[in-house]
Each structure stands twice: as C-alpha cells, then as structure tokens.
Amino acid sequence: MTNTPRILQTIESHILDLQKLHPAASGDFTGLLNDITFAAKIVSREVNKAGLVDILGATGESNVQGETVQKLDDYANAVFLKCLGTRGQVCIMGSEELAEPIFNDVGPGSHNYVVIFDPLDGSSNIDANVSVGTIFGIWKRRSLLNKVGPADLLQPGRQLVASGYVIYGSSTMLVYTAGHGVHGFTLDPSIGEFLLSHENITTPFVGGIYSVNEGNEPTWSEPVRETVRQLKYGRDSGRGSAGGKTSRYIGSLVADFHRNLLYGGVFLYPPTADKPGGKLRLMCEAAPLALVVENAGGYASDGRGPILDITPDQLHMRVPLYIGSRDDVMWIEKMLSGVQR
Ligand code: P6P
C-alpha cells in the first residue's frame, strides 16, 4: 500500500471553503484575504533577505540595485497599501505607520471593508534577526448608504469579521480567524504557497509561561507588581512556591503572542510611567489578536474588561494588554480590578 500523500491545502483553497459557508457571498472578502496573503509573501521575501542586501535601516543610501534603501517597515507598509483592495473592496485603510487613515470609497468596487494593520511589528528587532510580524483586522463598513467616515473606522474589536497575523520567523506563518476557528498556514517558499499546517488552533486554558518586560517594574502600579509576583511564585502563594510560571519575553509582540498561543501562557503589557494608557495600539495590535485568541479559547483584557468591547476614540488609541490562556487572563483581570479570588 503506497503512502497516500496527505492532501496539502493552500490558504487560498481554505478561504474558498470558508466562502462556501456564505452562499450569498460576493467573493470580495475572499479577494481581500487573498490580497493580504499576497502582500505577506512579498514582505516575507524582503524580510528574509534583510541581512543580505543591506535593507537595515533608514540610511538613505542606495542598495545594490541602486534603489534608495527603505526601512523594512516602510517597505512592508507600502506593500500592504498597494496590495489591499486591488478590486476596490476596501473603503478605509489604517496603518500603524500612518498618522491618518486612507479613505477610498469611490471608483469601481464595493468598498465594503475597513482594514487596519501593523505592517511590520517589532521591526526594531530585525537587525538582530529576531522574528517580526504583520497584524491585521478586517471590519465591515457600517455606512452603506452615505459617505464613509469615522463611524466606519472607529469600531470595537467585537465587530471584526476577521483578523490575523503573519510571523516572519524560522519559517513564515499566516494565522487567521474569520469566526470559524483559528488556522495556521506555513509558507513553502519553493512553491510560493501558504500550506495548512495548524488546523483549528486552540490555546491551553492555563499556561506555563508569562511574558512581560520586567524592566518596567519600577513604574508599575502595586496591583500589577503583586500580579507579576504571583505569576512568578505561584498564585496566592508565599515566596518560593513551586507553582510559578516560567518567563519568556522576546520583545516582539507577534512572536511572544504566537508562542503563548501554541504552548499556553499570558502576555502582559501593563501601563507604565511614560505610557499610562499602555504602549500597544488597540486597533492594529490588541483587538485583532484578541479576536484570534478568543476564537482559540483564550481571552484578552485591558485589566478591566474584554479588549474586544472597547470602542476606540481614535485610530492610534493605546491600551494596556493582558492576553493568552483564558484562566490566566481572567485571574489577572480579577487581581487588577481589585476583586481578589
Ligand atoms: P518593550 C515592538 O516595539 C513592540 O511594539 C511590540 O512588538 C512588543 O511587544 C513591544 O513593543 C515591546 O516593548 O517596551 O518591552 O520594548
């Protein structure tokens, strides 16, 4: 009996299967997800060459092709802006790299979707060959009859129709959810296809890892300090308890999030003295990852309640972020909202 090769499923065919769940679908959403996939392939190629062709920073020098060297995050930003909504599906694009969103509800196409993204999160790590990532969120346009405006842009994560991230690491993976589970696809550069490698990702209810920049401890509040102490030593425990978690912190959100999603754990970015509202951005980082983690069985909080329920007051609104294994994040929320166990 010859071994029947496992059927390899590309992300494009996975997305098409998703479209079949919605018989009335126009195909715009499918096209949009495929545009994101295409942009991810282009960015992956450049990120993986970064150490070779001197795309190392905003030097203003020319590279071997005589082109002006772009910072990789500028490059990634330009690629996603160019690739998104090539069929006119998108009415607003918001990028972590752009102060203002780009509105576009004229010309051919349905202009039905809003896409907010961080084109290359963690890019300051790229020169050290640390994994970096793209994070994206897709909302539906609300103002179907009148001109697109702020009400279409500033939507809570609960209104996301899909979200995901790309991690450019030892391999390039695209992980996304559209409300029917969380699925991971690994890029095979030899054929230029993202192949299904992690179907129906679920994250452990309780994790063994906590991820936080402990260098910020001097500026944390006392409840945050006590929470991290108990993550380290074990909950409600005296010193030296064996019940603590192990510490893992890369300093690249997508890499820390992805590892904790697969292994179980909690990532924390509490308020600090210079970022009293938190460092991470709600719309292009926290909310898209919150949708992913909730669809994988986890939870994401700002320390008071669900990240997904926060309505942004502006595109670059920042929030404190506690995200990962459900039991861990719920416990942190109780610790920080003063409700002891
Ligand atoms: P800190 C990278 O700059 C980033 O935006 C996230 O990717 C990462 O989680 C966080 O900042 C790291 O911040 O203050 O620990 O260096």
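Each residue is numbered by its place in its chain's sequence as written, counting from 1. In keeping with the predicted nature of the model, local features appear solely for residues at pLDDT of at least 70, side-chain atom pairs appear and are counted solely at 80 or more, and the whole-chain, interface and lining totals rest on all residues. Only hydrogens and water are set aside; all other atoms, that is, all heavy atoms of the structure, feed into the side-chain values.

A closer look at the overall build of the chain
Scanning the chain from terminus to terminus reveals eight helices and 15 strands. Only protein chains enter the area calculation, which uses a 1.4 Å probe; residues under 20% of their type maximum are buried, those over 50% are exposed, and those in between are partly exposed. Here the chain, with 341 residues, has 53% of them falling under the buried criterion. Taking the contacts inside the chain whose residues are at least 6 apart along the sequence as the reference set, 62% of them involve residues at least 24 apart. Only carbon and sulfur atoms are counted for the fraction: they give 53% of the accessible area of the chain, which is about 15100 Å². Strands are runs of DSSP state E lasting at least 2 residues, helices are runs of H or I lasting at least 4, and numbering of each runs from the N terminus. Any two residues whose heavy atoms approach within 4.5 Å at even a single point are treated as in contact. Only the protein chains shown count as cover for residues, with accessible areas throughout obtained via the Shrake-Rupley method and a probe of 1.4 Å.

Side note on the environment of I250
Here I250 shows up in the loop between strand 10 (246-247) and helix 6 (253-263). For the pair formed by I250 and G122, sequence separation is 128 residues and the distance between their alpha carbons is 9.7 Å. If near-sequence neighbours (up to four positions away) are discounted, I250 is found in contact with V130, A255, D256 and R259.

Some points on helix 8 (residues 326-336)
Every buried residue belonging to helix 8 is among D327, D328, V329, W331, I332, E333 and M335, and all of these are buried. Packing partners of the buried residues in helix 8 comprise helix 5 (222-233), strand 11 (266-269), strand 13 (299-301) and strand 15 (321-324).

Quick notes on the packing of aromatic side chains
Each Phe, Tyr or Trp ring (for Trp, its six-membered ring) is paired with any other whose centre lies within 6.5 Å, and the angle between the two planes then decides the class: stacked below 30 degrees, edge-to-face above 60, tilted in between. A complete count under the given rule lists five aromatic pairs for this structure. Judged by centre distance (5.6 Å) and plane angle (90 degrees), the ring pair of Y165 and F257 falls under edge-to-face. Taken as a pair, Y165 in strand 5 (residues 160-168) and F257 in helix 6 lie far apart in primary sequence, 92 residues in all. Of the two residues, Y165 and F257, neither departs from the other in class, the shared state being buried.

Re the site of the ligand
Surveying the vicinity of the ligand reveals the residues D121, G122, N213, Y249, G251, S252, L253, F267, Y269, K279 and L280. What qualifies as a polar contact is a pair of N or O atoms within 3.5 Å, subject to a donor-acceptor requirement within protein and to the restriction that residues adjacent in sequence count only when both atoms come from side chains. With respect to the ligand, the side chain of D121 contributes an N or O atom lying 2.5 Å from an oxygen atom. Relative to its unbound accessible surface of 400 Å², the ligand loses 78% to contact with the protein. Just so you know the grouping, Ala, Val, Leu, Ile, Met, Phe, Trp, Tyr, Cys and Pro go in nonpolar, Asp, Glu, Lys and Arg go in charged, and all remaining residues, Gly too, go in polar. In terms of residue class, the shell around the ligand is made up of five nonpolar, four polar and two charged. Being near a molecule or strand, for a residue, means having at least one of its heavy atoms within 4 Å of it.

Here we look at the sheet that holds strand 10
In this analysis, strands are considered paired if DSSP registers two or more bridges between them. Strands sit in the order 10-9-11-15-13 across an open sheet of five strands; the sheet is mixed. Pairing within the sheet leaves two strands with one partner each, and these edge strands are strand 10 and strand 13. Strand direction decides the pairing type here: strand 9 (residues 209-211) and strand 10, joined by two bridges, are parallel. For I209, the partnering residue across the bridge sits in strand 10 and is T246. Axis lines are fitted through C-alpha atoms, for helices just across the contact stretch, and the angle between N-to-C directions can take any value from 0 to 180 degrees. Across the sheet, helix 6 is in contact with strand 9, strand 11 and strand 15; its angle to strand 9 comes to roughly 165 degrees.

Overview of the confidence of the model for the chain
Detailed conclusions should not be drawn from predicted coordinates in areas where pLDDT is low. Mean pLDDT over the chain stands at 89; residues scoring 70 or higher make up 89%. Summary of the metric used: pLDDT quantifies the predictor's per-residue confidence within the range 0 to 100. In this model, residues 55-59 is a region of pLDDT below 50 whose contacts with residues beyond four sequence positions or in other chains number 11 contacts.

Quick word on the pairing of strand 8 (residues 193-198)
Strand direction decides the pairing type here: strand 7 (residues 182-188) and strand 8, joined by five bridges, are antiparallel. What sits directly across from G184, in strand 8, is H198. Hairpin connection between strand 7 and strand 8: a loop of four residues separates the two successive antiparallel strands, and G192 in this loop has a positive phi of roughly 65 degrees.

Points about the packing of helix 6 against helix 7 (residues 282-295)
The contact between helix 6 and helix 7 brings their axes to 12 Å, and the two run at 15 degrees. Here helix 6 lies roughly parallel to helix 7, going by the angle between them. Regarding helix 6 and helix 7, the two cross each other, and that crossing is right-handed. Where helix 6 abuts helix 7, its residues L253, F257 and L261 lie against E285, L289, V292 and V293. Here the residues of the contact of helix 6 with helix 7 sort into six nonpolar, no polar and one charged. If an angle is under 35 degrees, it is roughly parallel; if it is over 145, roughly antiparallel; if it lies from 65 to 115, roughly perpendicular; otherwise it is oblique. What makes a crossing left-handed is the near helix being turned counterclockwise from the far one by less than a right angle; a clockwise turn instead makes it right-handed.

Regarding the pairing of strand 7
Counted residue by residue, strand 7 has five buried out of seven residues, so it is predominantly covered. As consecutive antiparallel partners, strand 6 (residues 172-177) and strand 7 are separated by four residues, and within that stretch G179 has a phi angle of approximately 90 degrees, a positive value.

Some thoughts on the nonpolar core
Here, nonpolar core refers to any group of buried Ala, Val, Leu, Ile, Met, Phe, Trp, Tyr and Cys residues whose side-chain atoms link them within 4.5 Å. Ranked by size, the top nonpolar core spans 43 residues in total, and within it I116, Y165, F257, L261, L282, I307 and I323 carry the most contacts. Looking at this core, the element that brings in the most residues is helix 7, giving 10 residues. Each domain's limits were defined by an automated method or a database of domain assignments. Among the domains, domain 1 (11-198) and domain 2 (209-336) are the pair contributing at least three residues each to this core. Each residue touching L282, except ones within four places of it in the same chain, is listed here: A287, P288, I307, I310, P312, M317, R318 and V319. Among the nonpolar cores identified, the runner-up in size contains 39 residues, and L33, A40, Y75 and V132 belong to it.

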